[in-house]
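Next come the chains, spelled out residue by residue.
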Amino acid sequence: MKYLLRRWVAAIPVLIGVSLIAFALSVLSPGDPAVEALSQSGVREPTEQEIASMREQLGLNAPYAVQYGRWLANAVQGDLGTSYMTKEPVSAELLRRLPVTLSVSLMAVLFAAGTGIPLGILMALRKNSLIDHAGRAIGLLFLSIPGFWLAILLITLLSEKLQLLPTSGYGTWRHIVMPAIVLAAGTGAVLMRLTRAALLEVWGQHYIVTAKAKGLHDVRIMLRHGLRNALIPIVTVLGTYFGAILGGSVIVEVIFALPGIGRFAVEGIYRRDYPVIQGYVVFTGLVYILFNLLVDLSYIVIHPQMRLGARMR
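Residues numbered from 1 in each chain as written. Predicted model: local features only at pLDDT ≥ 70, side-chain atom pairs only at ≥ 80, totals over all residues. Heavy atoms only, no water.

J.: Pulling in residues and values, what's your account of the packing of aromatic side chains?
T.: Summed over all chains, the structure comprises three aromatic pairs. Note on Phe 242 and Phe 291: the rings are 4.9 Å apart at their centroids and 75° apart in plane angle, and the pair reads as edge-to-face. Note that Phe 242 is positioned in helix α11 (residues 231–246) and Phe 291 in helix α14 (residues 274–302), a separation of 49 residues in sequence. Exposure class is identical for Phe 242 and Phe 291. Each is buried. Here a set of aromatic residues connected by ring pairs shows up, and it is made of Phe 23, Tyr 68 and Trp 71. (Phe/Tyr/Trp six-rings, centres within 6.5 Å; stacked < 30°, edge-to-face > 60°. Helix = DSSP H or I, 4+ residues; strand = E, 2+ residues; numbered from the N terminus. Buried < 20%, exposed > 50% of the residue type's maximum accessible area, 1.4 Å probe, protein only.)

Rendered as structure tokens:
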């Protein structure tokens, strides 16, 4: 509990810094949100008086310090403001769209871990074999492919040619297969190479040599003894990756027309919707900090030496 408390206290300045940067980027960006708000209300050519009235209504005439302080005080209470586009609370919009991003993120993590880790184990067991060389080449290929290009390729092949999956939208699990594959491709390749390297690093440790001397099979040694001690870098990548894509898979959500929080943020940027931009940045920062904390806690569960060190402290 003391460790958790220290981490949360240390996260407060980070969140304040994130919110300050988000606010600064919003107010310094070109364009007038009052004009955008009027256009959303149906006013195509607003007069100066209408713009001034809307700026007063939105609180944009107050000094920047007052605007930031007012917004931060509300954000601490869970109120991220009201969207100029939808006229709805930003917190409610983010929560409404979160299940879409969450479902894509979960499937992407399952794809990445379900392919990268087993292939990495196989490559470590067959070091310097044809399987190992082919796996490293495939991993490098997927790391080099841009996500948007892979998305277009999948749409052309699986949707247009084979007609197996829908091209866009959201409603069933079939709608999130291609977005999840796009998100998982690069990280799956990283996990594959990282698993191989981590297992080969622990393969020469004394406890592995002892297990071999007992006559245990290499596969059993790798899975029961080697993998657990090699999990820390793997869990680190998975945790930070999941936190990042849960914060918003912007490109994928735009390409596949998914109504997630990433697409919501892009729409807010186009329309100079300050509360949406600020709320999105703070939300993603909070998610990222939370998942980093969970990763740190998982180290104590996974690694016996760290658990012993935590008890001694």
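J.: Which residues make up the nonpolar core, and what are the values?
T.: The nonpolar side chains of a soluble globular protein tend to be buried, and buried together. Membership of the largest hydrophobic core comes to 56 residues, with the highest contact counts inside it found for Tyr 241 and Phe 256. Listing elements by their share of this core, those giving two or more residues are α5 (90–125), α7 (147–161), α8 (177–202), α9 (206–213), α10 (218–229), α11, α13 (261–270) and α14. Sorting elements by how many residues they give to this core places α5 first, with 12 residues. Residues contacting Tyr 241, with those up to four places away along its chain left out, are Ala 108, Val 109, Ala 112, Leu 183, Ala 184 and Thr 187. Counting 13 residues, the second largest nonpolar core, distinct from the first, contains Ala 34, Ile 51, Tyr 68 and Trp 71. (Core = buried A, V, L, I, M, F, W, Y, C linked by side-chain atoms within 4.5 Å. Contact = heavy atoms within 4.5 Å.)

J.: Tell me what's going on with unusual backbone geometry, and back it up with residues and numbers.
T.: Excluding glycine, a negative phi dihedral is what most residues carry, and trans is how most peptide bonds are arranged. We note that Gln 163 has phi near 55°; this positive angle belongs to a residue other than glycine. Here Gln 163 shows up in the loop between α7 and α8. The exposure class assigned to Gln 163 is exposed, which follows from its relative accessible area of 64%.

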